[in-house]
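Breakdown of the fold
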Amino acid sequence: MTPHFLFNLLDFAGTFAFAFSGAVAARTRGLDVFGILVVAFIVACGGGVLRDLCIGAVPPAGISDWRYMAISSTAAVMAMYSRIVRERLELPVVLFDSLGLGLFAVSGAQKALAYGLTNEASVLLGMLTAVGGGILRDILLNRVPAILKGQIYALAALAAAFIEIYGRSALWSSDWRTAVALAVCFALRFLAVRYDWHLPRFASVADDD
Amino acid sequence: MTPHFLFNLLDFAGTFAFAFSGAVAARTRGLDVFGILVVAFIVACGGGVLRDLCIGAVPPAGISDWRYMAISSTAAVMAMYSRIVRERLELPVVLFDSLGLGLFAVSGAQKALAYGLTNEASVLLGMLTAVGGGILRDILLNRVPAILKGQIYALAALAAAFIEIYGRSALWSSDWRTAVALAVCFALRFLAVRYDWHLPRFASVADDD
Amino acid sequence: MTPHFLFNLLDFAGTFAFAFSGAVAARTRGLDVFGILVVAFIVACGGGVLRDLCIGAVPPAGISDWRYMAISSTAAVMAMYSRIVRERLELPVVLFDSLGLGLFAVSGAQKALAYGLTNEASVLLGMLTAVGGGILRDILLNRVPAILKGQIYALAALAAAFIEIYGRSALWSSDWRTAVALAVCFALRFLAVRYDWHLPRFASVADDD
């Protein structure tokens, strides 16, 4: 198993996990079968599409590569029809979602850098790649994005993108900086869910959100 | 009346119908006159703008061609000020909206293909062109997009884009495949409204949406 | 103090004011510290990013120039932590927000024109630059955009962009048309807030918005 193959595998696993979480959320909000497929696709690919638009990589990979749609549709169908799958996949999905978060942040930052953006802009776009899909999901489902008030999420993505880009500047080897970025993101996110860590807030969360 | 002129005419009729439906919805949500004009324009042109951004056709046609704004503003003013017009146009608007749906799907898919996208991506962008405006409308009006849970809508647009693109691959003549695509989309949508067809859902629709 | 320096200064002041207003709004909606930083940045730079995507100026200036992020983060931190600052800055923020509105409209329209767009499209994109951030803020905070129903806002931005672009066609000197555009926008907006002017509406504003 070459590193590149592993990377692709994790990318697809992250796409699956993001689509699955989107479908589960859409299912409980009264969307129909087709609407659930659409939301799953948007959660999985929306962040990458926003990044590609910002760096001028058109058409965006999420739209031009049919495999992303195939994976997100598979995840959505599994989330829709099988209660057993939903229950069995609950833990793996949290795991893959945390892995996907870091991976999307790292790959998003790399792609932005490859398109000639500055370090700061690449970190920013790495984070956007990772959290953009979740923000679009919550906009479509008509609620304040959980990512902006929940357990440490966008911050974990930012950390991963930051380590990837500035580790490069510090001449860390490519494998090491990616491994450290993924590990830090995963650990931050996992611990935040496990111990219900929150960043400070200044007002109670409104009921309807 | 050449086919091209007919095509343009239908395009403008679809723009009018989409803008009209947007203005009617915005009017009931407490937006002011200018807000209604904005929402009407976004419903009519938003899907095409999203498509143009994704295929790199900048500036988007909806922004650079003043006729779209003129048509959408005319529709919005008519929807705002005349109750008689609103009542008389109710049926034609449903008809034009269904025609516009298919037409936007077909023309969106054609444009994506002309910009070098693959067949699958062109179908996807055709659907986006047709339903994007309606999704943006519901996001602005703070509700879950009706398109994702209502009577068969996005699916009808997908069918039209699919027939257009794969009819081309199957070497159907240009006129035939467009005619079939529009007819299938229109029939699907018309029957769905007439008989209140819905795709399966898994939860009751929340009251506040 | 050269005019160009003054222009930059106003641009940054407008960025600060927009970010500040975004942070104040996000703070009361239960977002966490990081979410508030994100919303502040989106309010300050979102309109410009949308404009840059539409004219093909990628990467967008708001993302590639780190000073915008620095300014918006500073404004957000001040809005979050200091009640005294929030109270003392209330009036200046309304002033800067009104100035920023006109300035973003003018600079947005100029940039669109410089990228070869028509006069009409440039006016449209000038308005989008000025009001886009506020619309994105309200979408994220899950409410109908205040800009579309509140005191004259988008219309003031439109007026500024219109005067800038058509003053140019009428061969007004660059300084004069910008000064008039800013003054008209500021006066319209200031008077609208002062005397609670509204454009006509057709329905009462829903409570939940």
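Owing to the predicted nature of the structure, the values given are computational and were not obtained by experimental measurement.

It takes a turn of 120° to lay chain B on chain A, together with a shift of 0.0 Å along the axis; the resulting RMSD is 0.0 Å. Classification of the inter-copy transformation places it as that of a three-fold axis. Judged by C-alpha distance, asparagine 142 of chain B is the residue of chain B that lies nearest the rotation axis, at 3.7 Å. The two copies present different faces, since only 10% of the interface residues in chain B are matched by interface residues at the equivalent positions in chain A.

With that out of the way, let us pick up the side chain of arginine 51 of chain B. Residue and element names in this part refer to chain B. Secondary-structure assignment places arginine 51 in helix α2 (residues 33–55). According to the relative accessible area criterion, arginine 51 is buried, its value standing at 8%. Those residues in contact with arginine 51 that lie beyond four places of it in its chain are Ser107, Gly108, Lys111, Leu125, Leu128 and Thr129.

Here the focus is the packing of aromatic side chains. Summed over the entire model, instances satisfying the criterion amount to 18 aromatic pairs over all chains. On the numbers, 6.1 Å between centres and 20° between planes, the contact of phenylalanine 16 of chain A with phenylalanine 20 of chain A is stacked. In this pair, phenylalanine 16 of chain A and phenylalanine 20 of chain A both sit in helix α1 (residues 3–27), four residues apart, roughly one turn of the helix. We note arginine 194 of chain B situated over the ring of tyrosine 195 of chain B; from NZ or CZ to the ring centre the distance is 4.9 Å.

Residue and element names in this part refer to chain A. At their nearest, the axes of helix α2 (residues 33–55) and helix α7 (residues 119–140) sit 7 Å apart, and the two run at 135° to each other. As judged from the angle between their axes, α2 and α7 are oblique. The element α2 and its partner α7 pack so that their crossing is right-handed. Residues Val39, Ile42, Val43, Gly46, Gly47, Gly48, Leu50, Arg51, Cys54 and Ile55 of α2 touch α7, and the partners they reach there are Leu125, Leu128, Thr129, Gly132, Gly133, Leu136, Arg137 and Leu140. The class makeup of the residues in the contact of α2 with α7 is 10 nonpolar, six polar and two charged.

Now for the pattern of salt bridges. Enumeration according to the criterion identifies 18 salt bridges over all chains in this entry. The shortest N-O distance in the salt bridge between aspartate 65 of chain A and arginine 67 of chain A comes to 3.1 Å. When its relative accessible area of 19% is taken as the criterion, aspartate 65 of chain A is described as buried. A salt bridge links glutamate 164 of chain B to arginine 177 of chain B; the nearest nitrogen and oxygen atoms lie 3.1 Å apart. Here the residue glutamate 164 of chain B occupies a position in helix α8 (residues 154–169), and arginine 177 of chain B occupies one in helix α9 (residues 174–194), the gap between them amounting to 13 residues. Look at glutamate 164 of chain B and you get buried, because its relative accessible area is 2%. Take arginine 177 of chain B: its relative accessible area is 6%, and that puts it in the buried class. When salt bridges with common partners are traced through the structure, they connect Arg51, Asp52 and Lys111 of chain A into a single cluster.

Next up on the list: helix α2 (residues 33–55) of chain C. All names here are of chain C. Its 23 residues place the ends of α2 33 Å apart at the C-alpha level, agreeing with the 33 Å of an ideal helix rising 1.5 Å per residue. Of all the bends found along α2, the most pronounced is centred on cysteine 45 and spans about 50°. Across the 23 residues that make up α2, a large majority, 20, are buried. The distance from a side-chain oxygen at the start of α2 to the backbone nitrogen of phenylalanine 34 is 3.0 Å, and the residue carrying that oxygen is aspartate 32. Where α2 terminates, the next one or two residues include glycine 56, which has phi positive at roughly 80°.

Further remarks concern the UniProt feature "transmembrane region" (unreviewed entry) in chain A. Residues and elements named next belong to chain A. When the UniProt feature table is mapped to this numbering, "transmembrane region" (unreviewed entry) covers residues 6–26, 33–50, 121–140, 152–170 and 176–192. For the annotated span residues 33–50, helix accounts for 100% and strand for 0% of the residues, and the straight-line distance between the end C-alpha atoms is 25 Å. For residues 121–140, the helix share is 100%, the strand share is 0%, and the end-to-end C-alpha distance is 27 Å.

Interface size is commonly expressed as the accessible area that is lost once the parts come together. Contacts between the two partners involve 31 residues from chain B, matched on the other side by 27 residues from chain A. Of the roughly 2400 Å² buried between chain B and chain A on both sides combined, carbon and sulfur atoms contribute 73%. Where chain B meets chain A, there are zero salt bridges. Applying the counting rule to chain B against chain A returns three residue pairs in polar contact (both at pLDDT 80 or more). Sorting the residues of the side of chain B that touches chain A by element identifies α2, α7 (119–140) and α8 of chain B as the ones contributing at least two each.

In this section: the interface of chain C and chain A. Counting from both sides, the interface comprises 27 residues of chain C and, opposite them, 31 residues of chain A. When chain C packs against chain A, close to 2400 Å² is buried across both sides, 72% of that on carbon and sulfur atoms. Across the contact surface, chain C and chain A share zero salt bridges. Inspection of the chain C/chain A interface yields three residue pairs in polar contact (both at pLDDT 80 or more). Sorting the residues of the side of chain C that touches chain A by element identifies α2, α3 (61–64), α4 (66–81) and α7 (119–140) of chain C as the ones contributing at least two each. Looking at which element gives the most residues to the side of chain C that touches chain A, the answer is α2 of chain C, with eight residues. A class-by-class count of the residues in the side of chain C that touches chain A yields 19 nonpolar, five polar and three charged.

Procedures and definitions
- Residues numbered from 1 in each chain as written.
- Chains lettered and ligands numbered in written order.
- Predicted model: local features only at pLDDT ≥ 70, side-chain atom pairs only at ≥ 80, totals over all residues.
- Heavy atoms only, no water.
- Least-squares fit on C-alpha atoms with pLDDT ≥ 70 in both.
- Contact = heavy atoms within 4.5 Å.
- Helix = DSSP H or I, 4+ residues; strand = E, 2+ residues; numbered from the N terminus.
- Buried < 20%, exposed > 50% of the residue type's maximum accessible area, 1.4 Å probe, protein only.
- Phe/Tyr/Trp six-rings, centres within 6.5 Å; stacked < 30°, edge-to-face > 60°.
- Lys NZ or Arg CZ within 6 Å of the ring centre and 35° of its normal.
- Axes fitted to C-alpha atoms, helices over the stretch in contact; angles between N-to-C directions.
- Parallel < 35°, antiparallel > 145°, perpendicular 65-115°, else oblique.
- Left-handed = near helix turned anticlockwise from the far one by under 90°.
- Nonpolar A, V, L, I, M, F, W, Y, C, P; charged D, E, K, R; others polar.
- Salt bridge = Lys/Arg side-chain N within 4 Å of Asp/Glu carboxyl O.
- Expected span 1.5 Å × (residues − 1).
- Bend = angle between axes of the 7 residues up to and from the residue.
- Polar contact = N/O pair within 3.5 Å; in protein donor to acceptor, adjacent residues only side chain to side chain.
- UniProt positions renumbered as here; feature names shortened; annotations may be inferred.
- Buried area = accessible area lost by both parts, 1.4 Å probe.

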